[in-house]
Amino acid sequence: FKNDIKSNQIPIFSLINTDEDIDEIIKNAKYFNYDNSLTDFILIGTGGSSLGAEALIQAYSNKKINFHVLNSLDPNSVSKILNLIQPKTSKFLAISKSGKTIETIALLLVVIEWLVEHDLKIAKSVMVMCENIDNNDNDLMKIVNQYSLKVIKHENIGGRFSVLSSTGLLPAAIMGIDLYSLRNAARKSLGDIFDNNSLILSSSVFSITDNLNGKLNCIIHYGDALSAFVNWYKQLWNESLGKDSKGSFLLTGQGSIDQHSQLQMWLDGPNIANYTFIKVANSDGYKILESDKDFLLSGLTLGQIQNIMADSTFAALKENARSVRMISISDITVENVVELMVKFILEVLVVAELMGVDPYNQNAVEKIKINVSKRLKKILII
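Residues numbered from 1 in each chain as written. Predicted model: local features only at pLDDT ≥ 70, side-chain atom pairs only at ≥ 80, totals over all residues. Heavy atoms only, no water.

Colleague: Can you walk me through the overall build of the protein in this structure?
Modeller: For the protein, the helix and strand inventory stands at 15 helices and 9 strands. The C-alpha radius of gyration computed for the protein amounts to 22 Å, which stays within 12% of the reference 21 Å derived for 382 residues, consistent with globular compactness. Judged by the C-alpha coordinates and their principal axes, the protein covers about 65 × 55 × 45 Å. The proportion of buried residues among the 382 residues of the protein is 48%. Accessible surface, the protein as shown: approximately 18,900 Å² in total, 52% of it carbon and sulfur. Charged side chains in the protein number 37 positive and 41 negative. The centres of these two groups are separated by 5 Å. (Helix = DSSP H or I, 4+ residues; strand = E, 2+ residues; numbered from the N terminus. Rg over C-alpha atoms; globule rule 2.2 N^0.38 Å. Buried < 20%, exposed > 50% of the residue type's maximum accessible area, 1.4 Å probe, protein only. Areas by Shrake-Rupley, 256 points an atom, 1.4 Å probe, with all protein chains shown as cover. Lys, Arg positive; Asp, Glu negative; His and termini not counted. Charge placed at Lys NZ, Arg CZ, Asp CG, Glu CD.)

Colleague: I would appreciate a short explanation of the pairing of strand β4 (residues 126-130) in the present structure.
Modeller: For a regular strand, side-chain orientation follows a simple rule: the groups alternate between the two sheet faces. In terms of residue burial, β4 counts as a mostly covered element, since 5 of its 5 residues are buried. Relative to β4, strand β3 (residues 90-95) runs parallel, the two sharing 4 bridges. Each residue of the ladder has a partner; that of Ala94, found in β4, is Val128. Bridging between β4 and strand β5 (residues 150-153) involves 4 bridges; their strand directions are parallel. If you follow Val128 over to β5, its bridge partner there is Val151. In this fold, β4 hands off to helix α7 (residues 139-147), which returns the chain to β5; that crossover is right-handed. (Pairing = 2+ DSSP bridges. Right-handed = clockwise from strand over helix to strand, strands pointing away.)

Colleague: Could you clarify how one ought to interpret the sheet that holds β4 in this entry?
Modeller: The pairing of strands in a sheet happens through backbone hydrogen bonds and is either parallel or antiparallel. Overall, parallel pairing links the 5 strands, which are arranged β2-β1-β3-β4-β5 in an open sheet. Looking at strand neighbours, the two that pair on one side only are β2 (66-70) and β5, the edges of this open sheet. Within this sheet the neighbouring strands show an average axis-to-axis angle of 20°, counted without direction. Contacting β1 (40-44), β3, β4 and β5, helix α8 (residues 166-174) runs over the sheet at an angle of about 160° to β4. (Axes fitted to C-alpha atoms, helices over the stretch in contact; angles between N-to-C directions. Contact = heavy atoms within 4.5 Å.)

Colleague: How should I be thinking about the packing of aromatic side chains in this particular structure?
Modeller: Two aromatic rings are characterised by how far apart their centres lie and by the angle between their planes. The tally for this structure, following the rule as stated, stands at 12 aromatic pairs. The interplanar angle of 65° and the centroid separation of 6.1 Å between the aromatic rings of Tyr233 and Trp237 together place this pair among those described as edge-to-face. Pair noted here: Tyr233 and Trp237 are both in helix α11 (residues 227-241), with a separation of 4 residues, about one helical turn. Each ring, one from Phe277 and one from Phe314, has its centre 5.7 Å from the other, and the planes form 85°; the classification is edge-to-face. Of this pair, Phe277 sits in strand β8 (residues 273-280) while Phe314 sits in helix α13 (residues 302-319), placing them 37 residues apart in sequence. The two residues Phe277 and Phe314 agree in class, both being buried. Chaining the aromatic ring pairs together yields one cluster made of Phe229, Trp232, Tyr233, Trp237 and Phe344. (Phe/Tyr/Trp six-rings, centres within 6.5 Å; stacked < 30°, edge-to-face > 60°.)

Colleague: What is the right way to look at the environment of Met355 in this model?
Modeller: With respect to the helices and strands, the residue Met355 is situated in helix α14 (residues 334-355). A C-alpha to C-alpha distance of 7.8 Å links Met355 and Lys246, two positions 109 residues apart in sequence.

Colleague: I keep staring at α13 and nothing clicks. Help me out?
Modeller: Think of an α-helix as turning once every 3.6 residues; residues three or four places apart then point the same way. Spanning 18 residues, α13 covers 26 Å between terminal C-alpha atoms, matching the ideal 26 Å at 1.5 Å per step. Buried within α13 are the following residues: Gly303, Ile305, Gln306, Asn307, Ala310, Thr313, Phe314 and Leu317. At its buried positions, α13 is contacted by β6 (216-222), α12 (263-268), β8 and β9 (323-329). (Expected span 1.5 Å × (residues − 1).)

Colleague: Quick question: what am I supposed to make of the sheet that holds β6 here?
Modeller: Read across the open sheet, the 4 strands follow the order β7-β6-β8-β9; overall the sheet is parallel. Across the chains shown, the open sheet's two edge strands, defined by having one partner strand only, are β7 (249-254) and β9. Taken over all neighbouring pairs, the strand axes of this sheet differ in orientation by 20° on average, direction set aside. By the bridge criterion, 6 bridges tie β6 to β7 in an arrangement that is parallel. What sits directly across from Ile220, in β7, is Gly253. Contacts from α14 reach β6, β8 and β9, with the element oriented near 150° to β9.

Colleague: Looking at this structure, I do not really get the pattern of salt bridges. What am I missing?
Modeller: If the charged atoms of two oppositely charged side chains come close together, the side chains can form a pair. Going through the model one piece at a time under the given rule, you end up with 9 salt bridges. Between Lys279 and Asp311 there is a salt bridge, with the nearest N and O atoms lying 2.8 Å from each other. One end of the pair, Lys279, is in strand β8; the other, Asp311, is in helix α13, and 32 residues separate them in sequence. Residue classification places Lys279 among the buried positions, given a relative accessible area of 15%. (Salt bridge = Lys/Arg side-chain N within 4 Å of Asp/Glu carboxyl O.)

Colleague: Whenever I open this one, unusual backbone geometry confuses me. Can you help?
Modeller: Peptide bonds are mostly trans, and most non-glycine residues show a negative phi. With omega at -5°, the peptide bond leading from Gly255 into Ser256 counts as cis. With respect to the element layout, Ser256 can be found in the loop between β7 and α12. For Asp244, which is not glycine, the phi torsion reads 55° and is therefore positive. Structurally, Asp244 can be placed in the loop between α11 and β7. Relative accessible area serves as the criterion here: at 62%, Asp244 is assigned to the exposed category.

Shown next as structure tokens:
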């Protein structure tokens, strides 16, 4: 893998090793807030088109713009967002690599109708990202042409691997995140992996040697602002490795909440899972008063208590002969999340190599898309 990355054989890592695309991404981001009037930025997309951006933006603590994601066809969820935002100071970015994603097409059409109802110029409120911008046959480009929308080209990197391309970086730039800092963090992570023999990658081998097939991969995060990152990782793992009747389901847990709902199964259920803990070392926050020494928690911060919960759960699983590993980050920043992303992307590629599967395709998912398309056509005929 080190040689492949050096010779630019892996597209996502080739992109990480350069900053040549950053200025163009920043230029496109200015479309959204050229006059500093933007109050709400809404990303329309699902799966790899939104999960990576969500993970980056959730970890960003200096937000001055409200961020929303339209990724669900649930009418209540759509109404909640459209009723919350300010029409005149909101802008939308719709992303679909193929230009055929049903959810994205449907939600974009709803947004266009909403903009019309508010007497707003559609072309000034919406940008589209699509790979085949010269293909007038896909539905997304038909919408672009009909409403004269600004469109930019999606880089040829699969959705779940695209977080550090313009797919993830354009939304990040719109929200004010420093893209050069993100790329530097990504390169630092790669250097740490190969120069310091990253334990994350060597520990991934336990997934293979300990019978990966039939096992569960459970990741428990102790830091609520990591929930979007964990959702991104869930797609990366499940969609990359679930092939040819091989793979392991990735399940998630939120510490310490899920210690009260799942821990009994983790500790005393069948030994069929590998567990990864992520905790935040410098997580302090509110401090419990020291005035009453009779309280066990006296003088501790909520962050300290949370980490004690993480360490105690980790130790209990280890004592019960469960396969466990602990990852500790200093604090939740966009840069730290990017470093984890790089390590987890490479880990998935390593596990795929050891399993003998292609991590880049998702043929089974394509079958569902075909089925949906057939049913939609039947309804239109009726």
